[in-house]
Amino acid sequence: TLYKDERTSRLASHAILERVHLGRFLQTDIVDAFAATLKPHQLAKAGDGSTVLSRSVVEHNIVAASMVYKCVALEELGALLGVEPRVAEKAAGNMIFERRLNANIDQAAGMLRFVHDDGDAKTSWDATIARVCAATSAIAAAIAE
């Protein structure tokens, strides 16, 4: 990956690259330092006043929050992301709709609940092997008949 290339450690944008790769929160100072390296057309504003960078940071930080929290109030999520709660809710809703985030929004309670797979990788692997074995057995039984 790009992050593992030793040449990237010399780049001015290495701090943001590292945090994105590791799924860590992107703080304002790191994002601002990265934004300072961009050309004006790369910071063009959309109709809602946001930039591609700002929307990407919000979405990345929502995913980072999903790794830390099981449930978070939209007010708190907005504060964590540095945006209004409605902006955080809209971004999370779009990500859920596009299947980039496994979560549910409870608008009545003002909560975002992340859906975590409680099984570990070994359990998931075991379940996959069990399904393959069952399918193989079914095929063998069908051939024998």
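Residues numbered from 1 in each chain as written. Predicted model: local features only at pLDDT ≥ 70, side-chain atom pairs only at ≥ 80, totals over all residues. Heavy atoms only, no water.

Chemist: When you look at the pattern of salt bridges in this model, what are you seeing that I'm missing?
Modeler: Proximity of charged atoms lets side chains of opposite charge pair with each other. Counted by the stated rule, this structure contains three salt bridges. The residue E98 makes a salt bridge to R100 at a minimum N-O spacing of 2.7 Å. In this structure, R113 engages D106 in a salt bridge whose closest nitrogen and oxygen atoms are separated by 3.3 Å. Overlapping salt bridges bring together E59, E98 and R100 as one network. (Salt bridge = Lys/Arg side-chain N within 4 Å of Asp/Glu carboxyl O.)

Chemist: Sorry, what's going on with the packing of helix α4 (residues 74–81) against helix α5 (residues 85–97) here?
Modeler: To describe two helices that pack against each other, one gives the angle between their axes and the distance between the axes. Where α4 contacts α5, the two axes come as close as 8 Å, and the packing angle between them is 95 degrees. Taken together, the axes of α4 and α5 lie roughly perpendicular to each other. Contacts from L74, E75, L77, G78 and L81 of α4 reach α5 at P85, A88 and E89. Per-class residue counts for the contact of α4 with α5 are five nonpolar, one polar and two charged. (Axes fitted to C-alpha atoms, helices over the stretch in contact; angles between N-to-C directions. Helix = DSSP H or I, 4+ residues; strand = E, 2+ residues; numbered from the N terminus. Parallel < 35°, antiparallel > 145°, perpendicular 65-115°, else oblique. Contact = heavy atoms within 4.5 Å. Nonpolar A, V, L, I, M, F, W, Y, C, P; charged D, E, K, R; others polar.)

Chemist: Would you mind showing me how to read α4 here?
Modeler: Every buried residue belonging to α4 is among L74, L77, G78 and L81, and all of these are buried. One face of α4 carries all of its buried residues, which in axial projection span an arc of 100 degrees. Across from the buried face of α4, at angles greater than 90 degrees, the exposed residues are E75, E76 and A79. Among the structural elements, α3 (52–68), β1 (71–73), α5, β2 (103–106) and β3 (111–114) are those in contact with the buried residues of α4. In the stretch just after α4, G82 is the one whose phi turns positive, near 75 degrees. (Buried < 20%, exposed > 50% of the residue type's maximum accessible area, 1.4 Å probe, protein only. Arc of directions from axis to C-beta.)

Chemist: Would you take a moment to explain the pairing of β3 for this structure?
Modeler: As a general feature of sheets, a regular strand has side chains that alternate between the two faces. Relative to β3, β1 runs antiparallel, the two sharing three bridges. From the neighbouring strand, A73 faces β3, where its bridge partner is M111. Alignment of β2 against β3, held across four bridges, turns out to be antiparallel. Note on β3: the bridge partner recorded for A103 is F114. (Pairing = 2+ DSSP bridges.)

Chemist: What exactly am I supposed to notice about α3 here?
Modeler: What sets the pattern is the α-helix's 3.6 residues per turn: residues three or four places apart point alike. The end-to-end C-alpha separation of α3 is 25 Å, in line with the 24 Å expected for 17 residues at 1.5 Å each. For α3, every residue scored as buried is listed here: L53, V57, V58, H60, N61, I62, A64, A65 and S66. Tucked into the core, α3 has its buried residues touching α1 (14–22), α2 (28–35), α4, α5 and β3. (Expected span 1.5 Å × (residues − 1).)

Chemist: Hey, could you run me through unusual backbone geometry in this one?
Modeler: With glycine set apart, most residues show a phi of negative sign, and most peptide bonds adopt trans. For R99, which is not glycine, the phi torsion reads 60 degrees and is therefore positive. Locating R99 in the fold gives a position in the loop between α5 and β2. Residue class for R99 comes out exposed when judged on its relative accessible area of 78%.

Chemist: Would you mind going over the sheet that holds β1 with me for this structure?
Modeler: Strand order in this open sheet of three strands is β1-β3-β2, and the pairing throughout is antiparallel. Whereas interior strands pair on both sides, the edge strands pair on one side only; in this sheet they are β1 and β2. Taken over all neighbouring pairs, the strand axes of this sheet differ in orientation by 15 degrees on average, direction set aside. Contacts from α4 reach β1, β2 and β3 within the one sheet, and its direction differs from that of β1 by about 85 degrees. Docked against the sheet, α5 engages β2 and β3, running at close to 140 degrees with respect to β2.

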